[in-house]
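# Inside the fold
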Amino acid sequence: MAEPLRVVVTGAAGQIAYSLLYIVAKGDVFGPNQPIILHLLDIPPMMGVLEGVVMELADCALPLLHGVVPTDDPAVAFKDVTAAFLVGAMPRKQGMERKDLLSANVKIFKVQGEALDKYAKKDVKVLVVGNPANTNALICSRYAPSIPKENFTAMTRLDQNRAQAQIAAKLGVPVRQVSNLIIWGNHSSTQFPDASHALVNINGANTAVVEAIKDAAWLNSVFVETVQKRGAAVINARKMSSAMSAAKAASDHMRDWFLGTEDGRFVSMGVISDGSYCAPKDVIFSFPVTIKCGKWKIVQELGITDFARKLLDATGKELEEERQEAIQIIEA
Ligand SMILES: NC(=O)C1=CN([C@@H]2O[C@H](COP(=O)(O)OP(=O)(O)OC[C@H]3O[C@@H](n4cnc5c(N)ncnc54)[C@H](O)[C@@H]3O)[C@@H](O)[C@H]2O)C=CC1
Ligand SMILES: O=C([O-])CC(=O)C(=O)O
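Values in this document were obtained by computation on a predicted structure and should not be read as measured data.

## Re the domain arrangement of the protein
As assigned here, the protein comprises domain 1 (5-154) and domain 2 (156-322). The straight-line distance from the C-alpha centre of domain 1 to that of domain 2 is 23 Å. With 33 residues of domain 1 at the contact, the number on the domain 2 side is 29 residues. At the level of secondary structure, the elements contributing two or more residues to the side of domain 1 that touches domain 2 comprise α1 (15-25), β4 (83-86), β5 (125-128), α5 (133-142) and β6 (152-154). With six residues, the single largest contributor to the side of domain 1 that touches domain 2 is α1. Among the residues making up the side of domain 1 that touches domain 2, the classes are represented as 18 nonpolar, seven polar and eight charged.

Written as C-alpha cells, this is what we have:
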C-alpha cells in the first residue's frame, strides 16, 4: 500500500468539515488505495468540539484513515501536508453578500499562507472554500511565495454542481448525463453560470444543452439567477449556509485535481488568471479546466457571446475591487 498522505482540513469543528471529513477519510477523494493522515485545525475555543469529531472519526473504523492530528496550531496543522482544504472562516448570514466577509476572514488566509509557505510540502494543492473564496485564495498564495501560484485554487464546484442539477431537472434526465457547464469568475452573485458549451447525453449521443432545452430566455435569465442566488436561497431556508453540498463539491474539486478529469469533460475551478478570455490578470478567476497528472489547464477557444462578455467583465471587475479591498484590510 502507498505511504499515507497528510491532508489538512481547517475549520475542522465546523459544519462543512463535519460532512467533508467522512468523504475524505473513506477514500472518495484520493482513491481507494491511498491511506491518509488527517490534520484537523480549528481555533482554541473549538478544541472541545473537535475532540468529539475525532472520536467520531475513530468510531467510523475507516481502513484508509491511518492517523488524526487535531490542533489549534498552524505549525502542526500544515506540517508536511500534500493537500489543504481551507474551510475555516466565518460564514455569511441572511442578507449579507459573501464579500461582506472580507474584513472578518481575509487575515486568516494571510496567516495560513505564511504557515503553508513554512511547513507544507512545496507541491501542496490548496483549495480555499472559506468566503469570499477567490480573494482569500489570492491572499493565501501571496503569503506563500515558495509555493507555485497554480497550487492555490478557490471553490466554484458547488456552483457548477448546482448548474448541472438545474439543467438535468429541466431536461428530466439524471445529473450524470449533463456535462461541461461552466462557472466563470467569482464565487459570488456576479458569477456567470454558462450553459452554452454544455452537453446532454441522450440514448448514448451527446447533444448541446442549448439545442435540447430550446429556451434561450430561460437559460439567460432564470437559470443564471437561480445558480447565482442558490447559496442565499439555502441560507434563507436553513438559516445556515450550505454544508453538505459544499463538502461534496470540495471533494469533487480535490478528487479531480489529484486524479484528473475524464476525457471530453471539463470542470470549473477558481485559478490564478493568465488573462485568458480577457479576464483580469492576477486574480483568482473561475475558468473551465481539464486536469492531467495533477496539473490543470484552462480550456481555450470557447466562443463568447456579447451577453457572456458583459457578465465576464462584471465578475472580473468585482474580483479586482475585492483584491484592492483585501490588500487595504491586510495593510491597515
Ligand atoms: N466556496 C463555496 O462554495 C462555499 C463556501 N462556504 C464558506 O465556507 C466557510 C465555512 O463554512 P461552515 O463550515 O458552514 O462554517 P462554520 O462556522 O460551521 O465553521 C467554520 C469553522 O472554522 C473555524 N475557524 C474560524 N477561524 C479559524 C481559523 N483561523 N483557523 C481554523 N479554523 C477557524 C470556526 O471555529 C468553525 O469551527 C464559510 O466562510 C462559508 O461562507 C460555504 C459554502 C460554500
Ligand atoms: O452562500 C454562502 O454564503 C455559502 C456559499 O458560498 C454557497 O452556498 O455557495
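Anyway, onward from the coordinates.
## Section: the site of ligand 2
The immediate surroundings of ligand 2 are formed by Pro-91, Arg-92, Arg-98, Asn-131, Leu-158, Gly-231, Ala-232, Val-234, Ile-235, Ser-241, Ser-242 and Ala-246. With four residues, helix α9 (residues 230-238) is the single largest residue contributor to the shell around ligand 2. Across the shell around ligand 2, the residue classes tally to six nonpolar, four polar and two charged. Domain assignment of the residues forming the shell around ligand 2 places at least three in each of domain 1 (5-154) and domain 2 (156-322).

## Describing the site of ligand 1
The local shell around ligand 1 holds 28 residues, among which Gly-11, Gly-14, Ile-16, Gly-88 and Ala-246 are the closest. The residue makeup of the shell around ligand 1, split by class, is 16 nonpolar, ten polar and two charged.

## A word on the pairing of strand β10 (residues 199-202)
As judged from the two bridges shared by strand β7 (residues 178-179) and β10, these two strands associate in the antiparallel manner. Bridge assignment links Val-178 to a residue of β10, and that residue is Val-200. With four bridges joining them, β10 and strand β11 (residues 205-208) adopt antiparallel strand pairing. The residue bridging Val-200 from the neighbouring strand is Thr-207, located in β11. Between β10 and β11, which pair antiparallel and follow one another directly, the connecting turn spans two residues, one of which, Asn-203, has a positive phi of 50 degrees.

## Describing the packing of helix α6 (residues 157-171) against helix α8 (residues 216-228)
Where α6 meets α8, the closest approach of the two axes is 9 Å, and the angle between their N-to-C directions is 140 degrees. The angle between α6 and α8 falls in the class oblique. Considering only the axes of α6 and α8, their crossing is right-handed. Together, Asp-159, Arg-162, Ala-163 and Gln-166 of α6 and Phe-223, Thr-226 and Val-227 of α8 make up the contact between the two elements.

## Observations concerning the pairing of strand β14 (residues 295-298)
Bridge count between strand β13 (residues 284-292) and β14: four bridges; the pairing is antiparallel. Residue Lys-292 lies in a different strand from β14, and its bridge partner there is Lys-295. Count of turn residues in the β13/β14 antiparallel hairpin: two residues, of which Cys-293 carries a positive phi of about 50 degrees.

## Side note on the UniProt feature "binding site: substrate" (unreviewed entry) in the protein
Feature annotation in UniProt places "binding site: substrate" (unreviewed entry) on Arg-92, Arg-98, Asn-131 and Arg-162, given in this structure's numbering. On the secondary structure map, Arg-92 appears in the loop between β4 and α4 (102-119). Accessibility expressed as a C-beta count within 10 Å gives 19 for Arg-92, which makes it partly exposed. Excluding residues that lie within four positions of it along the chain, Arg-92 makes contacts with Arg-98, Asp-100, Leu-101, Asn-131, Ile-235 and Ser-241. What makes Arg-162 buried here is the crowd of 23 C-beta atoms within 10 Å. Contact partners of Arg-162, with chain neighbours within four places excluded, come to Val-227 and Arg-230.

Cut-off values and rules
- Residues numbered from 1 in each chain as written.
- Chains lettered and ligands numbered in written order.
- Predicted model: local features only at pLDDT ≥ 70, side-chain atom pairs only at ≥ 80, totals over all residues.
- Domains from an automatic or database assignment.
- Contact = placed C-beta atoms within 7 Å.
- Helix = DSSP H or I, 4+ residues; strand = E, 2+ residues; numbered from the N terminus.
- Nonpolar A, V, L, I, M, F, W, Y, C, P; charged D, E, K, R; others polar.
- Near = placed C-beta within 6 Å.
- Pairing = 2+ DSSP bridges.
- Axes fitted to C-alpha atoms, helices over the stretch in contact; angles between N-to-C directions.
- Parallel < 35°, antiparallel > 145°, perpendicular 65-115°, else oblique.
- Left-handed = near helix turned anticlockwise from the far one by under 90°.
- UniProt positions renumbered as here; feature names shortened; annotations may be inferred.
- Buried ≥ 20, exposed ≤ 12 C-beta atoms within 10 Å, placed from the backbone.

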